[in-house]
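# Fold and contact review
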Amino acid sequence: MRKNEKAILFAVRVIMALMGLAAIVFVIISMVTDKVTPYLAISLGLSASANIFGCIYNRKRVLKDGSCENRSIS
């Protein structure tokens, strides 16, 4: 893995972690304030977008690498 790819992977993981942390914070805020409508929707949106972002990035990385083309371990 090249240095540039490691930096990009680190940045993607940091972004996903921050989005996940923000989603957890919004869930806690919705529990503390007893207001479900705005905060729970925001947290669900953040967690979904972090998962989608991670899946898309990992899919591109696997297809570029080609190591699991036929789903076998080499």
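Anything mentioned here points back to the structure above.
Scope of this entry: the structure provided in the associated data block. (Residues numbered from 1 in each chain as written. Predicted model: local features only at pLDDT ≥ 70, side-chain atom pairs only at ≥ 80, totals over all residues. Heavy atoms only, no water.)

## Section: the overall build of the protein
Of the regular secondary structure elements, the protein holds 2 helices and 0 strands. Taken across its 74 residues, the protein has 12% of its residues classed as buried. Within the protein, contacts between residues separated by at least 24 positions form 55% of all contacts whose residues are at least 6 apart in sequence. Put simply, the protein shows about 6,100 Å² of open surface, and 67% of that area lies on carbon and sulfur atoms. (Helix = DSSP H or I, 4+ residues; strand = E, 2+ residues; numbered from the N terminus. Buried < 20%, exposed > 50% of the residue type's maximum accessible area, 1.4 Å probe, protein only. Contact = heavy atoms within 4.5 Å. Areas by Shrake-Rupley, 256 points an atom, 1.4 Å probe, with all protein chains shown as cover.)

## Side note on the side chain of S30
Checked against the element boundaries, S30 lands in helix α1 (residues 3-33). When its relative accessible area of 7% is taken as the criterion, S30 is described as buried. A polar contact is formed between the side chain of S30 and the backbone oxygen of V27, at a distance of 2.7 Å. (Polar contact = N/O pair within 3.5 Å; in protein donor to acceptor, adjacent residues only side chain to side chain.)

## Overview of the packing of aromatic side chains
Within a pair of aromatic rings, the relevant descriptors are the distance that separates the centres and the angle that separates the planes. What the rule picks out here adds up to 1 aromatic pair. Seen in terms of ring centroids, F26 and Y39 are 6.2 Å apart; in terms of plane orientation they differ by 20°. Their pairing is stacked. One end of the pair, F26, is in helix α1; the other, Y39, is in helix α2 (residues 36-65), and 13 residues separate them in sequence. Classification of F26 as partly exposed rests on a relative accessible area of 23%. (Phe/Tyr/Trp six-rings, centres within 6.5 Å; stacked < 30°, edge-to-face > 60°.)

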